[in-house]
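# A structural walkthrough
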Amino acid sequence: MNILKIITEIEKVDPEVYERLDQRRQMFKHFAGFGKKLAVAAVPLAMGSMLQKAYGQSSGLSAQIREVLNFALRLEYLETYFYQLGLAAPGLLTGQNRSDINLIYIDEQNHVKFLRSVLGADAIPDPTVNAFDYTGAKGGARPALLPNVFSNLGTFLALAQSFEDTGVRAYKGGAPLLISNNTVLEAALNIHSVEARHASHLRTMRRGGPQSEPGDPSSAPQSWPSLNDNGGPAPAITAAIYGAGNPASLYPSEANVVQGGLNVQNISQVSPNEASEAFDEPLDMGTVLAIAANFIK
């Protein structure tokens, strides 16, 4: 077990992991020497104890928190294997596009590692890449929704944006359910912010770079959702990502302009578009899973 590597991977998702593990940050900065003195058999036990202390791992997590984190883990697997297949598709990703997608892929891998480290033995099994069908054909059970997803860059980036936009809303929707554990909540919100950066960058890639003016959300979106984004990249498939959840009173659509009972548009004298753009809206677990189910066999 490479202890430093494990902690380094967690730090990519949660920059404050050293403080969570021990207030004496310098002890962990020099952990290599300490680790050599530990009996090999004791290392896994030591790591388990430290992660449990830091995040309330395994039996320390409530059933609700375990459910939410495993829900997030399912989404991270969906994204991770999508990028893995995209990077493996001949000729699909080249140059800067390939570099950018590879960085996002690494982030998603780190999210999986982090969530598994927090959940411990309660983590769901790795579904493996064979669990997913990113054409939307559900393993041939129905006609493909996106038959050229790994041969057409535009289609690939459109689905990538859709997954990331879904992730942003899913993490925000799950946040209130984690509020009983501030450490886990903070770490989950860190992942939420990374998903948001992914989504913004993918939107910028889709319209040809930051120098290009936004246009039709289906082909040249701006770098953040506006209202319901006209249903997203492929409205027949993606509209639910930007619409209301269940119940709509708790999970309004991305067109929502009311925050804390106040109409943002009225108090700040901005347009409905601007008012909606200022906030991400949460999405409930059931709606998110229904969206993801399109790409699960």
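Residues numbered from 1 in each chain as written. Predicted model: local features only at pLDDT ≥ 70, side-chain atom pairs only at ≥ 80, totals over all residues. Heavy atoms only, no water.

## What about the confidence of the model for the protein?
This is how the line gets drawn: What pLDDT expresses is the predictor's confidence in each residue, scored from 0 to 100. Here, two residues are considered to be in contact whenever any of their heavy atoms come within 4.5 Å of each other.
Of all residues in the protein, 80% attain a pLDDT of 70 or more, and the chain-wide mean is 84. Across residues 20-52 the pLDDT falls below 50, and counting only partners more than four positions away or on other chains, this stretch makes 42 contacts in the model.

## A few points about the packing of helix 7 (residues 95-119) against helix 8 (residues 153-174)
We count it as follows: Here, axes are lines fitted to C-alpha atoms. For helices the fit covers the stretch in contact, and angles between N-to-C directions go from 0 to 180 degrees. Going along the chain from the N terminus, every DSSP run of H or I of four or more residues is numbered as a helix, and every run of E of two or more is numbered as a strand. Crossings are sorted by hand: turned counterclockwise from the far helix by less than a right angle, the near helix makes the crossing left-handed, and turned clockwise it makes it right-handed.
For the pair helix 7 and helix 8, interaxial distance at closest approach is 13 Å and the crossing angle is 35 degrees. Of the two possible hands of crossing, helix 7 and helix 8 adopt the one that is left-handed. Taking contact as the criterion, the partners of Asn 97, Ile 101, Ile 104, Glu 108 and Leu 115 in helix 7 are, on helix 8, Leu 153, Phe 156, Leu 157, Glu 164 and Tyr 171.

## Looking at the nonpolar core
Taken as a class, soluble globular proteins show a tendency for nonpolar side chains to be buried jointly. Applicable threshold: To form a nonpolar core, buried Ala, Val, Leu, Ile, Met, Phe, Trp, Tyr and Cys residues must be joined to one another through side-chain atoms within 4.5 Å. Residue burial is assigned from relative accessible area. The probe radius is 1.4 Å, only protein chains are included, and a residue is buried under 20% of its type maximum, exposed over 50%, and partly exposed in between.
Core analysis: the largest hydrophobic core is formed by 55 residues, its most contacted members being Leu 69, Phe 82, Tyr 83, Ile 101 and Tyr 134. Breaking this core down by element, the ones donating at least two residues are helix 6 (63-88), helix 7, helix 8, helix 9 (182-206), helix 10 (235-242) and helix 13 (285-293). When residues of this core are assigned to their parent elements, the largest contribution, 13 residues, is made by helix 6. Those residues in contact with Leu 69 that sit more than four places away from it in its chain are Leu 61, Leu 115, Val 118, Leu 119, Leu 178 and Val 184.

## Some points on the pattern of salt bridges
When charged atoms on two side chains of opposite charge get close, those side chains can pair. Convention followed: A pair is scored as a salt bridge if a Lys or Arg side-chain nitrogen falls within 4 Å of a carboxyl oxygen belonging to Asp or Glu.
This model, assessed by the stated rule, comprises three salt bridges. Between Asp 122 and Arg 66 there is a salt bridge, with its nearest N and O atoms 3.9 Å apart. Of this pair, Asp 122 sits in the loop between helix 7 and helix 8 while Arg 66 sits in helix 6; the two residues are 56 residues apart in sequence, bridging distant segments of the chain. Given the relative accessible area of 31%, Asp 122 is considered partly exposed. The partner of Arg 203 in a salt bridge is Asp 165, with the nearest N and O atoms 2.9 Å apart. Within this pair, whereas Arg 203 is found in helix 9, its partner Asp 165 is found in helix 8, the two being separated by 38 residues in sequence. The pair formed by Arg 203 and Asp 165 is uniform in burial state, with each residue classed as buried. Overlapping salt bridges bring together Asp 165, Arg 203 and Asp 229 as one network.

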